[in-house]
Amino acid sequence: MGDETAEDDELVRAVIALMDHADDVRRLGVRANADTPEDAARARRFGAQGIGLCRTEHMFLGDRRELVEHLILAENPDEQREALDALLPMQRDDFTGILEAMDGLPVTIRLLDPPLHEFLPDYTQLAVRLAHEEENHEDKPRTHKLLAVKRLHEENPMLGLRGVRLGIVIPGLYTMQARAILEATAARTAAGGDPQPEIMIPLVGSPQELELMKAEIIGVAAEVEKETGTKLTFKVGTMIELPRAVTLADQIAKVAEFFSFGTNDLTQMTWGFSRDDVEASFFSTYLEKGIFPVSPFESLDVEGVGLLVEHAVKAGRKARPDLHLGVCGEHGGDPDSIHFFDEIGLDYVSCSPYRVPVARLEAGRSATAGSASA
Ligand code: PEP
Ligand code: MG
């Protein structure tokens, strides 16, 4: 028993020594994808150097889903404002907790991305309910709601009203989120903290989309600075997850202070594979026939999607030499992909908190392999 404990201690010391060595030699930073203060704290304990992706989707579920539904279906600016005013303090608390847990380290917060239908009632169920209300001669059957849900219905939600398109089409949504982030930043600064927020716009395909959103965010920041008397430091950047964003990376880099490669969507959009459908429906046949040796959603398709990432890195840095570059798709925690991201000069990878130790180790191995072959 005593020997086993001694062996365990020795093993733990060996792992710590290995991790320390990896940290000493690696060039590539390692961040975590985390959406809650608890996950952020866990990621920090595992050695994450910040958050590379804080998805804000889950913050709009549960009790808050209905508020988002009101926002989307609002019939006038007053209704819209009411929903936004209710969401703002909740979001401010969300971000304050995360910035506190990651104090002193960068936190990349992505504004809302998911397809619209996730926030809307199911059309068929709603139609049945309203027919029932009508039958019972209830006062005001909400047919306008049914029409709105029908109007917003999408056949291909992944290619529909999501990401920055939501920010542009639903007035006040992204500005509310930006305000919540910046008010949280001001509060953390006033409390003596060192918040380092990075506001990230998803699914950008044109520099104009980013310009529009960035201008709104800068406007909100000026208001918050005036209201709180606090000087705010933050960055605005974008995800690169559409092939068009890759081809226009130079123009987008003139607006963005950082790029984070969303390789889940970039893989989906480059191959034309629906992330929701293909793995179960035909990937086993593709693997069997050797079309690829491993799912491109697990390990980066270096010769296809990787080429796009590499192009955007070069074009982006040419346009803005201090452009900060990371990856936050699932590939950020995959060993082979990490080596590729290191080789092409990304600044960091971001992965789930539990993969952070592996990513640190692989970044160290990649640095060692690179110097051995140099
Ligand atoms: C991505 O597309 O790689 C990404 C990180 O965003 P999400 O998976 O949330 O679409
Ligand atoms: Mg994405």
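Note that the structure is predicted; figures quoted are calculated from it, not measured.

Engineer: What is the right way to look at helix α6 (residues 143-152) in this model?
Structural biologist: Residues of α6 that are buried: Lys145, Leu146, Ala148, Val149 and Leu152. Projected down its long axis, α6 carries its buried residues within an arc of 165°, all on one side. Opposite its buried face, α6 presents the exposed residues Leu147 and Arg151, each directed more than 90 degrees away. As for α6, its buried residues are in contact with α3 (65-73) and α5 (123-135).

Engineer: How do you make sense of the coordination of the magnesium ion (ligand 2) when you look at a structure like this?
Structural biologist: Around a metal, the ideal angle is 109.5 degrees if four donors adopt a tetrahedral arrangement and 90 or 180 degrees if six donors adopt an octahedral arrangement. Protein-derived ligands of the magnesium ion (ligand 2) are Glu241 (OE) and Asp265 (OD), with the metal-ligand distances lying across 2.1 to 2.2 Å. A residue pair is termed long-range when its members are at least 10 positions apart, and Glu241 in the loop between β5 (235-240) and α10 (243-247) and Asp265 in helix α12 (residues 263-271) qualify at 24 residues. Accessibility classification places Glu241 together with Asp265 in one group, the buried group.

Engineer: I would appreciate a short explanation of unusual backbone geometry in the present structure.
Structural biologist: What is expected of a backbone is that most residues other than glycine have negative phi and most peptide bonds are trans. Despite not being glycine, Leu203 has its phi angle at roughly 55°, a positive value. Considering the arrangement of structural elements, one finds Leu203 in the loop between β4 (196-201) and α9 (207-228).

Engineer: I would appreciate a short explanation of the domain arrangement of the protein in the present structure.
Structural biologist: Where the parts come together, the accessible area they lose is often given as the size of the interface. Along its sequence, the protein is organised into domain 1 (28-58 + 93-115 + 180-373) and domain 2 (117-153). Here the C-alpha centre of domain 2 lies 38 Å away from the C-alpha centre of domain 1.

Engineer: Help me out: how do you make sense of the site of ligand 1 in this one?
Structural biologist: With respect to spatial proximity, 14 residues lie near ligand 1, and among them Arg55, Arg110, Gly262, Asn264 and Arg275 are the closest. Within the side chain of Arg110, one N or O atom sits 2.9 Å away from an oxygen atom of ligand 1. Between an oxygen atom of ligand 1 and a main-chain N or O atom of Thr263, the distance comes to 3.1 Å. For ligand 1, the accessible surface in isolation is 290 Å², of which the surrounding protein chains cover 95%. Those elements giving two or more residues to the shell around ligand 1 turn out to be β2 (51-55) and α12. Of the residues forming the shell around ligand 1, the biggest block, three residues, is contributed by α12. For the shell around ligand 1, the per-class residue count stands at three nonpolar, four polar and seven charged.

Engineer: What should I look at first to understand the packing of α5 against α6 in this one?
Structural biologist: Packed helix pairs are specified by the crossing angle of their axes together with the interaxial distance, meaning the distance between the axes. It is at 10 Å that the axes of α5 and α6 come closest, and there the two elements cross at 165°. Comparing the axis directions of α5 and α6 gives the class roughly antiparallel. Once α5 is placed against α6, the crossing between them reads as left-handed. Along its contact with α5, which presents Tyr123, Leu126, Ala127, Arg129 and Leu130, the element α6 presents Thr143, Lys145, Leu146, Val149 and Lys150. In terms of residue class, the contact of α5 with α6 is made up of six nonpolar, one polar and three charged.

Engineer: Sorry if this is basic, but what is going on with the sheet that holds β2 here?
Structural biologist: What links the strands of a sheet is backbone hydrogen bonding, and the strands pair in either a parallel or an antiparallel sense. In spatial order, the strands read β1-β2-β3-β4-β5-β6-β7-β8; together these eight strands close into a barrel with parallel pairing. This sheet shows a mean twist of 30° between the axes of neighbouring strands, independent of strand direction. In the sheet, β5 pairs with strand β6 (residues 258-261) via three bridges, with the strands oriented parallel. Bridge pairing in β6 links Thr238 to Phe259. Docked against the sheet, helix α8 (residues 173-190) engages β3 (106-110) and β4, running at close to 170° with respect to β4.

Engineer: In this structure, what is going on with the nonpolar core? I would like to understand it.
Structural biologist: Generally speaking, nonpolar side chains in soluble globular proteins are found buried as a group. Grouped together as the largest cluster of nonpolar side chains are 98 residues, with contacts concentrated most on Ile72, Ile201, Ile252, Phe259, Phe261 and Leu346. Per-element accounting of this core gives the leading share, nine residues, to α8. Two domains each put at least three residues into this core: domain 1 (28-58 + 93-115 + 180-373) and domain 2 (117-153). When sequence neighbours within four positions are dropped, the list of residues in contact with Ile201 reads Leu111, Val164, Tyr174, Leu210, Met213, Ile217, Gly237, Thr238 and Met239.

Calculation notes
- Residues numbered from 1 in each chain as written.
- Chains lettered and ligands numbered in written order.
- Predicted model: local features only at pLDDT ≥ 70, side-chain atom pairs only at ≥ 80, totals over all residues.
- Heavy atoms only, no water.
- Buried < 20%, exposed > 50% of the residue type's maximum accessible area, 1.4 Å probe, protein only.
- Helix = DSSP H or I, 4+ residues; strand = E, 2+ residues; numbered from the N terminus.
- Arc of directions from axis to C-beta.
- Contact = heavy atoms within 4.5 Å.
- Donors = N, O, S within 2.8 Å, 3.2 Å for Na, K, Ca; no water.
- Domains from an automatic or database assignment.
- Near = heavy atom within 4 Å.
- Polar contact = N/O pair within 3.5 Å; in protein donor to acceptor, adjacent residues only side chain to side chain.
- Areas by Shrake-Rupley, 256 points an atom, 1.4 Å probe, with all protein chains shown as cover.
- Nonpolar A, V, L, I, M, F, W, Y, C, P; charged D, E, K, R; others polar.
- Axes fitted to C-alpha atoms, helices over the stretch in contact; angles between N-to-C directions.
- Parallel < 35°, antiparallel > 145°, perpendicular 65-115°, else oblique.
- Left-handed = near helix turned anticlockwise from the far one by under 90°.
- Pairing = 2+ DSSP bridges.
- Core = buried A, V, L, I, M, F, W, Y, C linked by side-chain atoms within 4.5 Å.

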